[in-house]
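Architecture at a glance
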Amino acid sequence: MGFGRFDSAPKPIKVGDEVQVTIEAIAAKGDGIAKVEGFVVFVRGARQGQTLKVRITDVKNRYATGEMVA
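These remarks concern the structure in this document. Predicted, not measured: the structure shown is a model, and the values here were computed from it.

1. What about the overall build of the protein chain?
- The number of helices and strands found in the protein chain is zero helices and six strands.
- If you list the helices and strands of the protein chain from N to C, you get β-β-β-β-β-β.
- Restricting the contact set of the protein chain to residue pairs at least 6 apart, pairs at least 24 apart contribute 45%.
- Of the roughly 4600 Å² of accessible surface on the protein chain, 49% is carried by carbon and sulfur atoms.

Structure (structure tokens):
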């Protein structure tokens, strides 16, 4: 039973990928929110407006998490 367009479709990113993103907003818990081909990526410690390289650490059905790469 899929409601989002990514529930059963291949994800545009996978664990270990390093991608350049721009933080578009800040989530309620304080993580930065970016998108890769429309797929949401949460980045701990990022600030809105930052453009940075992120390593993907986990991919779920509807979102991914990543960490900033130095």
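2. Observations concerning the nonpolar core
- Formed by 14 residues in total, the largest nonpolar core has its most connected members in Ile13, Val21, Ile23, Val41, Val43, Leu52 and Ile56.
- For this core, the secondary-structure elements that each account for two or more residues are β1 (18-22), β3 (32-36), β4 (39-43) and β5 (51-59).
- Apart from residues lying up to four places away in sequence, Val21 is in contact with Ala34, Val36, Gln50, Thr51, Leu52 and Val54.

3. With respect to the pattern of salt bridges
- With the rule as written, the count across this model stands at four salt bridges.
- With a shortest N-O distance of 3.0 Å, Lys14 and Asp17 are connected by a salt bridge.
- Overall, Lys14 belongs to the exposed group, its relative accessible area being 54%.
- With a relative accessible area of 17%, Asp17 lands in the buried category.
- Between Arg55 and Glu67 there is a salt bridge whose closest N-O contact spans 3.2 Å. Of this pair, Arg55 sits in strand β5 while Glu67 sits in strand β6 (residues 63-68), placing them 12 residues apart in sequence.

4. Quick word on the packing of aromatic side chains
- By the definition in use, this model includes one aromatic pair.
- Pairing Phe42 with Tyr63 gives two aromatic rings, centres 5.5 Å apart and planes at 75°, and the pair type is edge-to-face. You can see Phe42 sitting in strand β4 and its partner Tyr63 sitting in strand β6, a full 21 residues away along the chain.
- The class of Phe42 is partly exposed, set by a relative accessible area of 23%.

5. Structural notes on the pairing of β1
- Burial of β1 is one-sided: the residues Val19 and Val21 facing one way are buried, the residues Glu18, Gln20 and Thr22 facing the other way are not.
- Summarising the sheet, β1 and β5 pair through five bridges and their orientation is antiparallel. What sits directly across from Val21, in β5, is Leu52.

Conventions and cut-offs
- Residues numbered from 1 in each chain as written.
- Predicted model: local features only at pLDDT ≥ 70, side-chain atom pairs only at ≥ 80, totals over all residues.
- Heavy atoms only, no water.
- Helix = DSSP H or I, 4+ residues; strand = E, 2+ residues; numbered from the N terminus.
- Contact = heavy atoms within 4.5 Å.
- Areas by Shrake-Rupley, 256 points an atom, 1.4 Å probe, with all protein chains shown as cover.
- Core = buried A, V, L, I, M, F, W, Y, C linked by side-chain atoms within 4.5 Å.
- Buried < 20%, exposed > 50% of the residue type's maximum accessible area, 1.4 Å probe, protein only.
- Salt bridge = Lys/Arg side-chain N within 4 Å of Asp/Glu carboxyl O.
- Phe/Tyr/Trp six-rings, centres within 6.5 Å; stacked < 30°, edge-to-face > 60°.
- Pairing = 2+ DSSP bridges.

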